Amino acid sequence: MKLFRSRIGLMLVLLTTLAACSSKEELVYPEINNKIEPEEIWSASVGDGVEHYDSALRPLIYKDKVFAASRAGLVMGFDKESGKRLWTFDVRDDGTGSFLDGLKFWNSETARISGGISAGYDKIFVGTENGDVVALNPETGELVWRIKVKGEVIARPAAGEGYVLVNTSAGYIFALHPDTGEQRWMYEQESAVLSLRGTSEPVVANGGVILGSGAGKVAVLIADKGVLAWDAAIAVPKGATDLSRMVDVDATPIVAEGTIYAIAFNGELVALELRTGRVMWKREYASFRDMVIEGNTIYLVDSVGKIFAVDRRNGSEQWAQTGLHKHFLTGPAVYKDYLTVGDVEGNLFWLDKNTGEFVAQESYGSGFYTQGISSADELVIQTRDGELSLIRLP
């Protein structure tokens with residue numbers, strides 16, 4: 001329990017520090033003249049969303065549907081074109097049909113969905129802070145299987161190489177059979193005593209499972225055996241305060257053309273050779289938000305709200321946007337020719353992805369905690385209070 005309390009406490013320290021910065025210095029918003037007109041095609045409510053909790057629940061576009069979840073326990077499927085709700089599954093329903101089962105619907109603490117939503121093998125997956133991993137039929141919302149693992153599931157499960165991979169806050173990586181949830185292997189990684197409340201989402205590529213750790217390392221496991229191929233430190237604890245000594249690799253690593261790109265809180269942005277772990281280049285950027293790659297460009301939001309575009313081939317900076325410095329921003333999402341980020345006040349900012357120039361700003365009912373999800377045709381966003389919107393550009 002000591003590690004668990006440390007993770008919660010230090011995320012609160014981070015958020016309190018950021019809030020203190022905001023309260024002492026009134027946030028400055030750039031003047032933005034909208035040059036584009038994003039159109040909201042439909043919106044829907046997903047319960048109460050994540051409210052004030054640090055549950056990194058992102059919506060999912062999968063085939064012809066959009067999926068979203070609330071921390072309290074609701075998972076919903078929507079028709080992508082019309083926004084019609086197709087089904088709802090409540091994770092608090094254990095299927096026993098007992099009287100006590102009905103009482104669970106009044107207590108969100110019995111659900112606490114925090115890891116999701118992901119898809120693979122014709123299923124969608126979510127995880128909870130209670131250690132539940134749930135697989136649902138995406139067409140009907142029916143429960144396929146449900147199992148419990150050791151530790152909180154606060155990152156999206158990943159599907160690939162014949163497994164569903166789950167990284168937990170307790171430092172365990174589980175490989176589950178996608179059809180039954182049966183455990184095939186487990187790996188225990190090094191945990192940090194001081195850590196942010198976050199966990200790296202596993203990435204499956206080229207026969208390996210790639211993940212970051214609270215100890216500032218990136219590791220590659222052999223997917224079919226669950227044994228360590230190599231690990232490499234991309235951040236080393238330093239400084240006098242707890243906050244300055246945290247080196248979590250909470251942002252999901254990205255794999256492109258045999259190279260892993262990873263970033264650490266109080267660390268660096270590093271390009272590593274997938275096969276060997278050799279450092280190809282590293283640059284002075286630090287973040288705990290997920291990055292995104294399009295073509296040869298890495299887009300990232302650093303730990304203090306600065307937005308960057310970096311050439312993934314050599315780490316050279318293409319542009320920097322500092323107009324939202326000290327704003328608590330989401331990670332970036334790329335949609336067509338633009339980059340979007342949200343803030344805690346409910347503002348969605350649009351930037352030209354080639355120059356970093358602001359091109360639009362929209363306001364929503366509540367703040368954002370996670371970035372949007374995009375496809376070729378649409379962008380889907382979800383606010384903290386559960387407002388789900390599908391947006392298109394004319």
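Look up: the structure comes first, before these words.
About the criteria used
- Residues numbered from 1 in each chain as written.
- Predicted model: local features only at pLDDT ≥ 70, side-chain atom pairs only at ≥ 80, totals over all residues.
- Heavy atoms only, no water.
- 1 Å grid on protein atoms, 1.4 Å probe; cavity = no way out; pocket = protein on both sides within 12 Å on 5 of 7 lines; lining within 4 Å.
- Points joined across faces, edges and corners; volume = space filled by probe spheres on them.
- Helix = DSSP H or I, 4+ residues; strand = E, 2+ residues; numbered from the N terminus.
- Nonpolar A, V, L, I, M, F, W, Y, C, P; charged D, E, K, R; others polar.
- Salt bridge = Lys/Arg side-chain N within 4 Å of Asp/Glu carboxyl O.
- Buried < 20%, exposed > 50% of the residue type's maximum accessible area, 1.4 Å probe, protein only.
- Pairing = 2+ DSSP bridges.
- Polar contact = N/O pair within 3.5 Å; in protein donor to acceptor, adjacent residues only side chain to side chain.
- Contact = heavy atoms within 4.5 Å.

Visitor: Honestly, the layout of surface pockets in this entry has me stumped. Any pointers?
Guide: Any empty space left between atoms is shown by rolling a water-sized probe over those atoms. Taken as a whole, the largest pocket spans an internal volume of roughly 580 Å³. Arg58, Arg156, Glu201, Thr252 and Ile373 are, among the 28 residues lining the largest pocket, the residues nearest its centre. Contributions of two or more residues to the lining of the largest pocket are made by strand E2 (60-62), strand E6 (113-120), strand E10 (158-160), strand E14 (203-205), strand E22 (292-294), strand E26 (333-335) and strand E30 (373-374). Residues of the lining of the largest pocket, tallied by class, amount to 19 nonpolar, 5 polar and 4 charged.

Visitor: Could you clarify how one ought to interpret the pattern of salt bridges in this entry?
Guide: Oppositely charged side chains can form a pair if their charged atoms are brought close together. Scanning all chains against the criterion turns up 24 salt bridges. A salt bridge links Asp290 to Arg58, with the nearest nitrogen and oxygen atoms 2.9 Å apart. Note that Asp290 is positioned in the loop between strand E21 (279-283) and E22 and Arg58 in the loop between strand E1 (39-45) and E2, a separation of 232 residues in sequence. Across the pair, Arg58 and Asp290 agree in class, each one buried. Residue Arg392 pairs with Glu378 through a salt bridge whose shortest N-O separation is 2.9 Å. In this pair, Arg392 sits in strand E32 (residues 387-392) while Glu378 sits in the loop between E30 and strand E31 (379-382), placing the two residues 14 residues apart along the sequence.

Visitor: Hey, could you run me through the environment of Glu51 in this one?
Guide: By the secondary structure assignment, Glu51 is in the loop between E1 and E2. Glu51 sits in the partly exposed class, given a relative accessible area of 37%.

Visitor: Explanation requested: the pairing of strand E7 (residues 123-128) in the structure shown.
Guide: The buried fraction of E7 amounts to 6 of the 6 residues, a majority that puts the element mostly inside the structure. Burial along E7 is two-sided: Lys123, Phe125 and Gly127 and Ile124, Val126 and Thr128, pointing in opposite directions, are all buried. In the sheet, E6 pairs with E7 via 6 bridges, with the strands oriented antiparallel. Along E7, the bridge assignment pairs Gly115 with Gly127. Joining the antiparallel neighbours E6 and E7 is a turn of 2 residues, in which Tyr121 adopts a positive phi near 55°. With 4 bridges connecting them, E7 and strand E8 (residues 132-136) associate as antiparallel partners. When the sheet's bridge partners are listed, Phe125 is paired in E8 with Ala135. Here E7 folds back onto E8, and the loop between the two strands holds 3 residues, one of which, Gly131, carries a positive phi near 90°.

Visitor: Would you mind showing me how to read the side chain of Asn167 here?
Guide: Checked against the element boundaries, Asn167 lands in strand E11 (residues 163-167). In terms of polar contacts, Asn167 uses its side chain to reach the side chain of Gln189, at 3.4 Å. Within polar-contact distance, the side chain of Asn167 engages the backbone oxygen of Ser200 at 2.8 Å.

Visitor: Help me out: how do you make sense of the side chain of Ser200 in this one?
Guide: Tracing the backbone through its elements, the reader meets Ser200 in the loop between strand E13 (183-188) and E14. In this structure Ser200 touches Ala155, Asn167, Leu211, Gly212, Val249, Asp250, Ala251, Thr252 and Pro253, once residues within four positions along its chain are discounted.

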